[in-house]
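Fold and geometry: a report
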Amino acid sequence: MPGIQIEGVSKDYKNGPHAVHDVSLEVRDGEFMVLVGPSGCGKSTLLKLIAGIEETTHGRILIGERDVTHLDPRKRDIAMVFQNYALYPHLSVRANLGFGLKLRKTAKTDITQRVDEVAKILGLEEMLERKPGELSGGQRQRVAMGRAIVREPQAFLMDEPLSNLDAKLRVSMRAQLSRLHERLGVTTVYVTHDQIEAMTLGQRVAVLRGGVLQQCDTPEVLFEHPANLFVAAFIGSPAMNLVEAEIEDGEARFGTCRVPLAAGSHLRGRIVLGVRPHDLKLGSSGVPGVVQVVERLGTETHVVVGIDAPRLRTAALAEAIDAAPDDDILLAEDDRAFFTLVTEARAEVAVGDRVELTVDPARLHGFDLETGEALRAPAETPVPA
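The paragraphs below set out a description of the structure included in this document. Everything quoted here is computed from the prediction, not taken from an experiment. (Residues numbered from 1 in each chain as written. Predicted model: local features only at pLDDT ≥ 70, side-chain atom pairs only at ≥ 80, totals over all residues. Heavy atoms only, no water.)

Examining the sheet that holds strand β17 (residues 300–310)
This is how it is decided: At least two DSSP bridges between two strands are needed for those strands to be called paired. Starting at the N terminus, helices and strands are each numbered in turn, a helix being any DSSP run of H or I of at least four residues and a strand any DSSP run of E of at least two. Note on geometry: axes are C-alpha line fits, over the in-contact stretch for helices, and angles between N-to-C directions span 0 to 180 degrees.
Strand order in the open sheet made by the five strands is β15-β19-β16-β17-β18, with antiparallel pairing throughout. What marks the edges here is a single partner per strand, and that holds for β15 (280–283) and β18 (336–344). Put simply, the sheet's adjacent strands are angled 45 degrees from each other on average, direction ignored. Relative to strand β19 (residues 354–359), strand β16 (residues 287–296) runs antiparallel, the two sharing four bridges. Bridge pairing links P288 to E356 in β19.

This is the structure in C-alpha cells:
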C-alpha cells in the first residue's frame, strides 16, 4: 500500500500568516501517522491539502508514486473521516455504508459483500437496518469509519474523529482504532489536538506549531528527546516542569534551589531546565517547596508544589498550554514556579505540607533560553525514526 510524501508544502493566505509553511513529511506505507498541535497550528489544513480540499501554494504531495498536488479530491483514492459523522439520517446503516460504492456504480453483489465484511469488522452486523438516529455516538462514528473502509482506499485521512465522544468512549474507540489499523494496514493520517490520543495511537507523531513542523518521531522519542521547548511542554501528561536556571559548579541553580548535575553534563550557562513529573520524588533532601494541590487518581497521585523560584515565561511554553505569553495563567498573583510530581496512590501528603523534591540528575532536560532548542551532547542526538 502506498505511503504519502509531503515535500516542502506551504499554504498561504492573502490576509494572514502561513497556515502551513514549508512542511516536508513522509508517511510510510501502512503507517499510522498522527498530526498534533494546539488549535490553529495547521494540522487540519495540512490534512485538507493531502485530501485536495484546499490547494497548496508551494510544494507537492505524492500518494504512492502519483503526484496528486493539483489532482481533484475524487481522483486521489483517499477516504476521509470527520468529527461530525456526516451520515445520511434517512438512510439505514447498510445504505450509509454502501452509499459511496453506489455512486461509483459498483455492482450490487460487490456492495453487499463489502458492506457485510466491514460490518463484521466493526461489530455493526445487528445494526445494519437501523437509522443513524437510533445509534449511540460511538456506533455512529463506527458507521462513519466503515463508510471510509468499505471503499478500500489507498489512504485514510481522519480529522479529530473522536472529539465529539465522551471521555470513556474515546478510550474505547482509541483501542478499536488501533486494532482496526493492525488488521487493515492502510496508510493513515490522523489529526488531533489531544496529545494523549496522539501518543497512544501514533506509530509516529508529527508536532506542529504555527504551521511549521517541529518534530516527527515515535512517541517514545518525542517524550524522551523533545527537539525544543515547545515539544517538551506540549508532549507529556502531566506536562514537563520548566524553570530558568543557571549552571554553575556542577549544579543547576534556580531561585534558592540547587540541583546537582550528572557527571560530565553538557549543560552550560543560563538555560531552561526541564524535568518530567515522573522523574521527581518526595525525599528528605532536594528542592524545597510547599504543597499546593493534591490530586488522587486511584492508581497514582499528582502533587503540585510551589517552589522558591520565579515562574518561567516564554512564547513557546505559552502556546504549548494554549495561552498567550501575557495571559492570566502566566501572570497569576503568585509568581512562583510550580513543579508537579507523580507519586504513589497512597502517598501521605496534604495541601500545605513542606516537602523536598528529589531530582534524578540523569533525567534532566536543557533548552536554549533564546531559541528554545534542546541542548544535547553529540551522542544524545536522536536519529529520526
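From this point, the discussion proceeds with the structure in view.
With respect to helix α3 (residues 108–122)
Inclusion rule: By this rule the span expected of a helix is its residue count minus one, scaled by 1.5 Å. Relative accessible area decides the class of each residue, using a 1.4 Å probe on protein chains only: under 20% of the type maximum gives buried, over 50% gives exposed, and in between gives partly exposed. Along the arc lie the directions from the helix axis toward the C-beta atoms. Contacts are assigned to residue pairs with any non-hydrogen atoms lying within 4.5 Å of each other.
With 15 residues, α3 extends 21 Å from end C-alpha to end C-alpha; this agrees with the ideal 21 Å at 1.5 Å per step. Within α3, the full set of buried residues consists of I111, R114, V115, V118, A119 and L122. Looking straight down α3, one finds its buried side chains confined to an arc of 135 degrees; they lie on one side. In this structure, α3 carries T109 and K120 as exposed residues pointing more than 90 degrees from its buried face. Taken together, the buried residues of α3 touch α2 (93–103), α4 (137–149) and α5 (167–184). One or two steps after α3, the chain reaches G123, where phi turns positive at roughly 70 degrees.

Here's the deal with the packing of aromatic side chains
Rules: We call Phe, Tyr and Trp rings a pair once their centres come within 6.5 Å, taking the six-membered ring for Trp, and we label the pair stacked below 30 degrees between planes, edge-to-face above 60, and tilted otherwise. Sitting over a ring, as applied to charges here, requires NZ of Lys or CZ of Arg to be within 6 Å of the ring centre and within 35 degrees of the ring normal.
Enumeration according to the criterion identifies four aromatic pairs in this entry. Between Y88 and F99 the ring centres are 4.6 Å apart and the planes differ by 45 degrees, which places this aromatic pair in the tilted class. Of this pair, Y88 sits in the loop between β6 (78–81) and α2 while F99 is found in helix α2, placing the two residues eleven residues apart along the sequence. Classification of Y88 as partly exposed rests on a relative accessible area of 32%. Ring geometry for F230 versus F234: centroids 5.8 Å apart, planes at 15 degrees, classification stacked. Of this pair, F230 and F234 both sit in helix α8 (residues 229–234), four residues apart, which is roughly one turn of that helix. The burial state of F230 is the same as that of F234; both residues are buried. One Lys or Arg, R276, reaches over the ring of F223 and ends 4.1 Å from the middle of that ring.

So, empty space enclosed by the protein
Test applied: Put simply, the grid is 1 Å and covers the protein atoms alone, a cavity is a trapped set of points that fit a 1.4 Å probe, a pocket is an open set with protein on both sides within 12 Å along at least five of seven lines, and lining residues have an atom within 4 Å of a point. Grid points are joined across faces, edges and corners, and a volume is the space filled by probe spheres set on the points. Ten residue types, Ala, Val, Leu, Ile, Met, Phe, Trp, Tyr, Cys and Pro, are classed as nonpolar, four, Asp, Glu, Lys and Arg, as charged, and the remainder, Gly among them, as polar.
Taken as a whole and assessed by the stated rule, the structure comprises two cavities of 30 Å³ or more. In this model, the largest cavity occupies a volume close to 60 Å³. Looking at the lining of the largest cavity, the elements that each hand over two or more residues are β7 (155–159) and α5. No other element matches α5, which puts four residues into the lining of the largest cavity. When the residues that make up the lining of the largest cavity are grouped by side-chain class, the tally is seven nonpolar, two polar and no charged. Computed from the structure, the second largest cavity encloses a volume of approximately 40 Å³.

Description of the pattern of salt bridges
Quick reminder of the rule: Each salt bridge in this description consists of a side-chain nitrogen of Lys or Arg and a carboxyl oxygen of Asp or Glu lying within 4 Å of one another.
A full pass over the atoms with the stated rule returns 15 salt bridges. Where R94 meets D116, a salt bridge forms, and the shortest distance between an N and an O atom there is 3.1 Å. Here D116 lies in helix α3 and R94 lies in helix α2, a separation of 22 residues in the sequence. D116 sits in the partly exposed class, given a relative accessible area of 33%. Members of the salt-bridge network, linked through shared partners, are E248, D249, E251, R253 and R258.

Describing the side chain of T188
Condition: Any pair of N or O atoms that falls within 3.5 Å is considered a polar contact. Within protein, one atom must be able to donate a hydrogen and the other to accept it, and sequence-neighbouring residues count only if both atoms are side-chain atoms.
By the element assignment, T188 lies in strand β8 (residues 187–192). Of note is the side chain of T188, whose polar atom sits 2.9 Å from the backbone oxygen of V186. Once residues lying within four places of it in the same chain are set aside, the contact partners of T188 are V27, E31, F32, M33, F156, M158 and H181.

Examining the sheet that holds strand β1 (residues 4–11)
One open sheet holds the four strands; their spatial order is β2-β1-β4-β5, and the pairing between them is antiparallel. Lying at the two open borders of the sheet, with one neighbouring strand each, are β2 (20–27) and β5 (66–67). The pairing of β1 with β2 spans five bridges and is classified as antiparallel. What sits directly across from I6, in β2, is L25.

Side note on unusual backbone geometry
Following S237, the chain continues to P238 via a peptide bond in cis, the omega torsion being -5 degrees. Residue position: P238 is located in the loop between α8 and β11 (241–248). A positive phi angle, near 55 degrees, is found at E152, a position not held by glycine. Take E152: it is sitting in the loop between α4 and β7. The phi dihedral of D249 falls on the positive side, at around 50 degrees, and the residue is not glycine. By the secondary structure assignment, D249 is in the loop between β11 and β12 (251–254). Judged by relative accessible area, D249 falls into the exposed class, the value being 71%.

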